[in-house]
Structures are given as structure tokens and as C-alpha cells.
Amino acid sequence: MTAPVRNAPAFVEPELVKVNLGARSYDIVIGRGVAGSLGERVAALRPGAKTFIVTDENVARQILPAIAKGLDRAGIRTDSIVVPPGESSKSFPVFERVCEAIVGARIERGDLVIALGGGVIGDLAGFAAAVVRRGLDYIQVPTTLLAQVDSSVGGKTAIDSSHGKNLIGAFHQPILVVADTALLDTLPIREFRAGYAEMAKYGLLGDDAFFDWLDANWKEVFAGGPARDHAIAVSCRAKAAIVARDERETGDRQLLNLGHTFGHALEAACGYSDRLLHGEAIAIGMALAFEFSAGRQGLCSRAEASRVIRHLAATGLPTRIQDIPPPLPSIGELMELIAQDKKIKRGMLTFILVRGVGGAFIETGVDAAEVRTFLSEKLAER
């Protein structure tokens, strides 16, 4: 986001996607200008509730005044905390600050936390809401494409450990997601591409028709308008369906980690820095997952893997380890980080592999020696 939004966008009729979790079901509201209706939606969901906004410095400059003004118009009292932007805020010191600020604002169990920002803020605010006063309800207002199609939906909240990404957290579902697609208009192109990687993931893991559509229409998605809103809604429906079947990631939800075992290791090796954004790491991870499935495992054709890599590269995403600014991680470092993956079970590696576009599956007991050999070959490429 590069230009300030001085007033909340005008409300337009949104598209609704339901996350069906019984008594804990909630709506994802998608459309241009829907952030302008946040106050009315909060008042309808929780009459008389106070709110506490967690956001970062970049988003605060852009839209915090407009969001706070909209809440005030609806008669809702709000306080806020502004944290530094970036992955470094998913840390114990910042988490402590956020929790203490929520308590200090006298937010009670009937009140609401609002996560206003990208994936880092959603994870941080959601985890704080999960533990302060043993659990507060919260609303996600994602401001990046990655957050709108992925991290704001499904209730996975966490901070990072020195051992790896998202290792300390809780499953805690929001009560509402408000995805204002107008907020993406000023998103830097690199950030938009990073979010697009997660969007493409839904086609690659289980919807070949959606990937075909993206392959033909990705330029329109990047340009904005109806194609972008449609792709966001399709992505949210895909994630909502998987979350409804497997809320706590004991089965099908693991498919959403396509590319993440490789990607998270690369992201950690880069120190969670601007050298490699999360979505960029996932793009490389998905390319590696297809290549590993095709070359080392013989599960899909090399032509299929090449098609996926060509598509990701055409959008400007990195697809090779060598696309990361140096220094590159060592094979020992990568294997140590992969060994910390959350999907490890009794020391055995679990990977999301593919039989082709739309054909992802969970493979347990993957041979670590095979992975090491494969990554060694990838690191040696020029």
C-alpha cells in the first residue's frame, strides 16, 4: 500500500462465503468498499461491545483513522495498538505488548479484537485474542491479498519460534472476516504477487479448472476489477470447505500446506526478512513440490511440473532456490529446518505431493535421504 486512504471506501453489495463450523460458523464478506460497513457489522454482531484494533505502522498510516471513524459513527468505542510491520512482530516481546495493551484497555470477554492488516497482524492479533482472558472473539480485516485468500480464514493463529515459523499458537476462529478488495489497489506489486502464490495454490492442490482459469486470466486478476474479486471468492470458498471438513488440521487441511514444507524452511533460512516474502517462499516451495513429485517420486509428468513453474514465473514469482538473493542456505541448514516442520509425526517427514495439477495428497514417511538428495541437486543448479 503506497497511497493513503483518507476515508473508508463506500459500501457496495458484497459477496458472502460461509465457513460452516456449526455454532461457530462465520461469514467472509468480500467486495470493494466493504470496510466502510465494519461499524454496522460489529454493532449487529455485538451490540454494546467495545473493540480493540491491532495493526501495524504501514496500515495505520493508510486506513486506521478511517476505520476508527467508521466504528465511532456506529457508536462503538475503540482503542488500538500499532506495532512494527513485518514478520519480526510475530515474536514474544511484541505478543506481550499486544496482550498487555488489550488488558490495559479493559477489553472484556464480550468485547472484540479487530485484526487490521496482513497475515502477520492476523496471526498476532488472533493469537492474543485466543489467550487474553482465556479467549476473546475477534474479527479479521485483511489488507493484503495473501491475508484475504489464506491467513485470515480458518482460525490458525501463531507467533514464530527461533526454531521455525508459526510453532507457538492456537486454533481460534474469528467471528467475521471483512475482505475489502479496494484495499489491494495500492498494494505494492511484489506483495500482490506473494499473495497470488497462495491463490494459485487452491487450483494446484484440488481444482484444476480454477488453475486453468488463472492460467488464462491472471493478468486480469492483477489488474483488478471483477476477475480479482471472483478469484478471491473462489479461493475463500476452497479454503472454507477444507476448514469445515478438518478444522484442526488432522486430515484434509494439511493439503493447504502444498509447498509449505520447502517454503517455510527457505523463509526461515532467510531470517523471515524482505529477502524472501512468505508468498515467494511458497511459490518456490510449490515448484519444488511438483519437481520432487515428478522427478524423484515419478508421481506426475515433468511436463505438468514445467507448466506450473512456467505459470508462476510468468506472474513474476520466484520458482528456483537460486532466485533468492544470496547467500543461499546450506543443505544441512535446510534439512534441520525441515525437521522442525509442524507436520512431523514421530520424526517422520510428511509432505504434500502431487499427481498433477489439482491432484495433491498427503504423503507420510517421506525418506529424508531422498529429500536431501533432491535439495542438494537443486542447490547445485546454475
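Asks: What should I look at first to understand the overall build of the protein chain in this one?
Replies: On a plain count of helices and strands, the protein chain comes out with 13 helices and 11 strands. Relative to its length of 382 residues, the protein chain is compact, with a C-alpha radius of gyration of 20 Å against a globular reference of 21 Å. Its C-alpha atoms give the protein chain principal-axis dimensions of about 60 × 40 × 40 Å. The buried share of the protein chain, reckoned over its 382 residues, is 57%. Of all intrachain contacts in the protein chain linking residues separated by at least 6 positions in sequence, the fraction that spans at least 24 positions is 75%.

Asks: In this structure, what is going on with the layout of surface pockets? I would like to understand it.
Replies: Regions of empty space are outlined by a rolling probe, equal in size to a water molecule, passed over the atoms. Approximately 150 Å³ is the volume found for the second largest pocket. E291, A294, G295, R296, R302, A305, S306, I309, F374, E377 and K378 are the residues that line the second largest pocket. Counting only elements with at least two residues in the lining of the second largest pocket, the list comes to α10 (278-296), α11 (302-314) and α13 (368-380). Partitioning the lining of the second largest pocket into residue classes produces 4 nonpolar, 2 polar and 5 charged.

Asks: It is not clear to me how α13 should be interpreted in this structure. Could you clarify?
Replies: Note on helix geometry: an α-helix contains 3.6 residues per turn, so any two residues three or four positions apart are oriented the same way. End to end, α13 covers 18 Å across 13 residues, agreeing with the expected 18 Å (1.5 Å per residue, within 8%). Along α13, the residues that are buried comprise V371, F374, L375, K378 and L379. When α13 is viewed along its axis, its buried side chains cluster within an angular range of 135° and face the same direction. Packing partners of the buried residues in α13 comprise α9 (260-269), α10, α12 (331-338), β10 (349-354) and β11 (360-366).

Asks: Which parts of the structure should I look at to understand empty space enclosed by the protein?
Replies: Inspection of every chain in the model, using the stated rule, returns 2 cavities of 30 Å³ or more. The wall of the largest cavity is formed by 13 residues, among which G164, K165, H264, L337 and D341 lie closest to the centre. No other element matches α9, which puts 4 residues into the lining of the largest cavity. Residue composition of the lining of the largest cavity, grouped by class: 5 nonpolar, 5 polar and 3 charged. Here the second largest cavity defines a volume of roughly 30 Å³.

Asks: Before we go on, may I ask you to explain the pattern of salt bridges in this structure?
Replies: Between side chains of opposite charge, pairing is possible as soon as their charged atoms come close. Under the criterion given, the structure shown has 23 salt bridges. Across the pair E249 and K156 runs a salt bridge, and its minimum N-O distance is 3.2 Å. Of this pair, E249 sits in the loop between α8 (226-245) and α9 while K156 sits in strand β7 (residues 156-161), and the two are 93 residues apart along the sequence. The partner of K201 in a salt bridge is E198, with the nearest N and O atoms 2.8 Å apart. Taken together, the residues span about one helical turn, with K201 and E198 both in helix α6 (residues 189-206) at a distance of 3 residues. What you see here is one network of salt bridges that share partners, running through E87, K90, D123, D160, K165 and E267.

What counts, and where the lines are drawn
Residues numbered from 1 in each chain as written. Predicted model: local features only at pLDDT ≥ 70, side-chain atom pairs only at ≥ 80, totals over all residues. Heavy atoms only, no water. Helix = DSSP H or I, 4+ residues; strand = E, 2+ residues; numbered from the N terminus. Rg over C-alpha atoms; globule rule 2.2 N^0.38 Å. Buried < 20%, exposed > 50% of the residue type's maximum accessible area, 1.4 Å probe, protein only. Contact = heavy atoms within 4.5 Å. 1 Å grid on protein atoms, 1.4 Å probe; cavity = no way out; pocket = protein on both sides within 12 Å on 5 of 7 lines; lining within 4 Å. Points joined across faces, edges and corners; volume = space filled by probe spheres on them. Nonpolar A, V, L, I, M, F, W, Y, C, P; charged D, E, K, R; others polar. Expected span 1.5 Å × (residues − 1). Arc of directions from axis to C-beta. Salt bridge = Lys/Arg side-chain N within 4 Å of Asp/Glu carboxyl O.

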